[in-house]
Amino acid sequence: MKFFDLIGRLFGAVLEGIALFLLSPAAPYVLWTAAAVIAFFVLRAFYRRGRDSHLGALTVERTFSESGVYAGSELILTETVTNHGFFPLFKVDVEAYLYNDLRLSGFDPPKKDGMQFFSGRFNLLPYMRVRRHYRLTALSRGYYRIESATVPRWDGTEQLMACPAELYVYPHPIPLASVMAASGRMQGDGRAARQLFSDPFSFSGVRDYRYGDPMSAVNFKASAKTWMASSVDASPLKVNSRDFCSDRRLAVFMDFSLERDCGIDGKQYSARIEAGLSYAAELIREAVYGGFTASFTCNCRQQDGGMQLKFPSAGGEEHMLSIFRAMALLYPSDGASFQMLLDEAIESGLSDSEIFVIEMCPSERTDERLALLSARGNSIRVILLSELDEEAAAIAGRGTEA
């Protein structure tokens, strides 16, 4: 009986306390606050379910500001997130991985990781589009493709978003002065009438500045007049345009094979291959912009299993970019016989051309074929990558060490 009597007293005290609370001035505020909290959690639970089911109305697009850039260049990655439905989507985290060689501005990833993780949070009202820009630096040559992004759901799963984007990173061009300084030997003692370098004393007018033009070629007077007389979008610099001979042809051959007595390890080999591609890119670029027709041949291994790469002699920027895109896809590994490629050039009757041969080490078999090409009226210049010092090789190969 004492136990039940105690329970009755406690129950009565609770009812008396509730009655006193309801009669107090603070009761309405506490009740409304409790009701609001309960309503908030109920609506939050319903919103979470609705948000996860409406993520199908979300689309993500990614685009690079350029389809192709030189190694070491900066570019912009644009991310566009669109809500195509009436349901508002808040706290949407778009997550993805990006190659370390496409370095995000202000991001320093661990050296052991091959990818960078980055995430952006979006709050999207109905039919709202948000666009964000990320600044990147392309550190090294290669082909980079982004396939998808993920959006975490509140139930612990993820929504996969397809947002393909691709980028070609071309070899970083090395100025022609460096190429000429790196030449190890000349085949033949005659000079061709068709020279890759313009006559410094000739003058045929002015043109817009292009990447790689030396400061000595800038015409400051013409630049100032053009800037003052034109709109803001006009090119800020003008350079002197020099005369060239007609019917100019350049042929670049690159040997990826490595002789046993070169004394170069695998790391040095990769760095010098990058330097060789940079030399070739600058030669072809200068030739095309100067009015040459240019060809490129090498015995490299390709992603599709090919063992050689050949581009016939042609002119124009599209031809140049086709070569650069193929260079971006190359593996630093040898494929077919380089002497076989030279034999094919001899059999095709290659003549009256400026030939640049980029090879890792001297080779007597290569010299014999170059002598035959020289006898046909070609000017031959050989660039020996094994003679480069570490600093010169790092100029072009620095991206591979990042």
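In short, a report on the structure.

Definitions and cut-offs
- Residues numbered from 1 in each chain as written.
- Predicted model: local features only at pLDDT ≥ 70, side-chain atom pairs only at ≥ 80, totals over all residues.
- Heavy atoms only, no water.
- 1 Å grid on protein atoms, 1.4 Å probe; cavity = no way out; pocket = protein on both sides within 12 Å on 5 of 7 lines; lining within 4 Å.
- Points joined across faces, edges and corners; volume = space filled by probe spheres on them.
- Phe/Tyr/Trp six-rings, centres within 6.5 Å; stacked < 30°, edge-to-face > 60°.
- Helix = DSSP H or I, 4+ residues; strand = E, 2+ residues; numbered from the N terminus.
- Buried < 20%, exposed > 50% of the residue type's maximum accessible area, 1.4 Å probe, protein only.
- Arc of directions from axis to C-beta.
- Contact = heavy atoms within 4.5 Å.
- Axes fitted to C-alpha atoms, helices over the stretch in contact; angles between N-to-C directions.
- Parallel < 35°, antiparallel > 145°, perpendicular 65-115°, else oblique.
- Nonpolar A, V, L, I, M, F, W, Y, C, P; charged D, E, K, R; others polar.

**A look at empty space enclosed by the protein**
This structure, assessed with the given rule, holds 2 cavities of 30 Å³ or more. Here the second largest cavity defines a volume of roughly 30 Å³. Along its surface, the second largest cavity is lined by Asp255, Ser257, Glu259, Glu359, Cys361 and Ser363.

**Focus: the packing of aromatic side chains**
As enumerated under the stated definition, the model contains 7 aromatic pairs in all. On the basis of an interplanar angle of 75° and a centroid distance of 5.8 Å, the ring pair of Tyr70 and Tyr170 is categorised as edge-to-face. Placement of the pair is Tyr70 in strand β2 (residues 68-70) and Tyr170 in strand β9 (residues 158-170), with a sequence separation of 100 residues. Accessibility assignment for this pair places Tyr70 and Tyr170 in one class, buried. Among the aromatic residues, those joined into a ring-pair cluster are Tyr70, Tyr170 and Phe324.

**Focus on helix α7 (residues 338-347)**
Every buried residue of α7 is accounted for by Phe338, Gln339, Leu341, Leu342, Ala345 and Ile346. Looking down the long axis of α7, one finds its buried residues gathered within 155° of arc, a one-sided arrangement. For α7, the elements touching its buried residues are β13 (249-254), β14 (293-298), β16 (309-314), β18 (354-359) and α8 (364-375). At the C-terminal side of α7, Gly349 shows a positive phi close to 80°.

**A word on the environment of Met128**
Checked against the element boundaries, Met128 lands in the loop between β6 (115-124) and β7 (129-138). Through-space distance from the C-alpha of Met128 to that of Thr82 is 5.9 Å; in sequence the pair is 46 residues apart. Leave out the neighbours within four places in its chain, and Met128 touches Val81, Thr82, Asn83 and Asn123.

**Considerations on the packing of helix α5 (residues 266-289) against helix α6 (residues 317-328)**
Across the interface, α5 lies against α6 with an axial gap of 10 Å and an inter-helix angle of 170°. The pairing of α5 with α6 is recorded here as roughly antiparallel in orientation. Taking contact as the criterion, the partners of Leu277, Ala280, Ala281, Ile284, Arg285, Val288 and Tyr289 in α5 are, on α6, Glu317, Met320, Ile323, Phe324 and Met327. For the contact of α5 with α6, the class distribution of residues is 10 nonpolar, no polar and 2 charged.

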